Amino acid sequence: NSIIEVENVTFSEPVVFEEDCVSIMNSHFQSDLTVSHGGNGFTWVTNTTIEESLGCLQRRGDAFIGNVSYGRGLGFSAIRGDVKLADVNGQRGIFMDGIDGSVWLEDIESL
């Protein structure tokens, strides 16, 4: 499995990660964050601000998004695993399509 770990980083441009395992902590995305086409790994995003949108697309494995704020939207599509969102707030709603596992939501605020 390919792995990327990001901690305490600020990104000013849109970012796309395609690694199997993606771990993002204590970071700031001034534009879009997309995590796509991963293997049987995981997507883990915690204590992070995304000023535009977060997209999690065509992933195999679980996704956990915790203590995250986003600006323009949050989308999950074609996820072959569980999706867990906790303490997430943002604008323009949350979109989910084609989730093969369970979906767990806690303390979600979306306009």
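On a predicted model such as this, the values are computed, not experimentally measured, just so you know. (Residues numbered from 1 in each chain as written. Predicted model: local features only at pLDDT ≥ 70, side-chain atom pairs only at ≥ 80, totals over all residues. Heavy atoms only, no water.)

### Digging into the packing of aromatic side chains
Just so we agree on the cut-off: Pairing of aromatic side chains here covers Phe, Tyr and the six-membered ring of Trp, requires ring centres within 6.5 Å, and sorts the geometry by plane angle: under 30 degrees stacked, over 60 edge-to-face, intermediate tilted.
A complete count under the given rule lists 3 aromatic pairs for this structure. Ring-pair connections join several aromatic residues into one group, and the members of that group are Phe-11, Phe-17 and Phe-29.

### Some remarks on the pattern of salt bridges
Filter applied, for reference: A pairing counts as a salt bridge when a side-chain nitrogen of Lys or Arg comes within 4 Å of a carboxyl oxygen of Asp or Glu. Every helix listed is a DSSP run of H or I at least four residues long, and every strand listed is a run of E at least two residues long, numbered separately from the N terminus. Burial classification: accessible surface area is computed with a 1.4 Å probe over protein chains only, and a residue below 20% of its type maximum counts as buried, one above 50% as exposed, and the rest as partly exposed.
Overall, the coordinates contain 3 salt bridges when judged by the stated rule. The residue Asp-32 makes a salt bridge to Arg-72 at a minimum N-O spacing of 3.0 Å. Of this pair, Asp-32 sits in the loop between strand E5 (28–29) and strand E6 (33–36) while Arg-72 sits in the loop between strand E8 (53–70) and strand E9 (73–80); the two residues are 40 residues apart in sequence, bridging distant segments of the chain. One salt bridge connects Arg-72 with Glu-52, and the closest N-O pair in it is separated by 2.8 Å. Here Glu-52 lies in the loop between strand E7 (40–50) and E8 and Arg-72 lies in the loop between E8 and E9, a separation of 20 residues in the sequence. Look at Arg-72 and you get partly exposed, because its relative accessible area is 38%.

### Comments concerning unusual backbone geometry
Notably, Asn-8 is not glycine yet its phi reads approximately 55°, a positive angle. The residue Asn-8 is located in the loop between strand E1 (3–7) and strand E2 (10–11) in this model. Non-glycine residue Asn-47 carries a positive phi angle of around 50°. Looking at Asn-47, the relative accessible area reads 38%, which means it is partly exposed.

### Looking at the environment of Ile-4
Stated formally: Between two residues, a contact is recorded if the distance between any of their heavy atoms is within 4.5 Å.
Looking at the secondary structure, you find Ile-4 in strand E1. Between the C-alpha atoms of Ile-4 and Val-16, which are 12 residues apart in sequence, the distance is 11 Å. The contact partners of Ile-4, leaving out residues within four places of it in the chain, are Phe-17, Glu-19, Cys-21, Val-22 and Ser-23.

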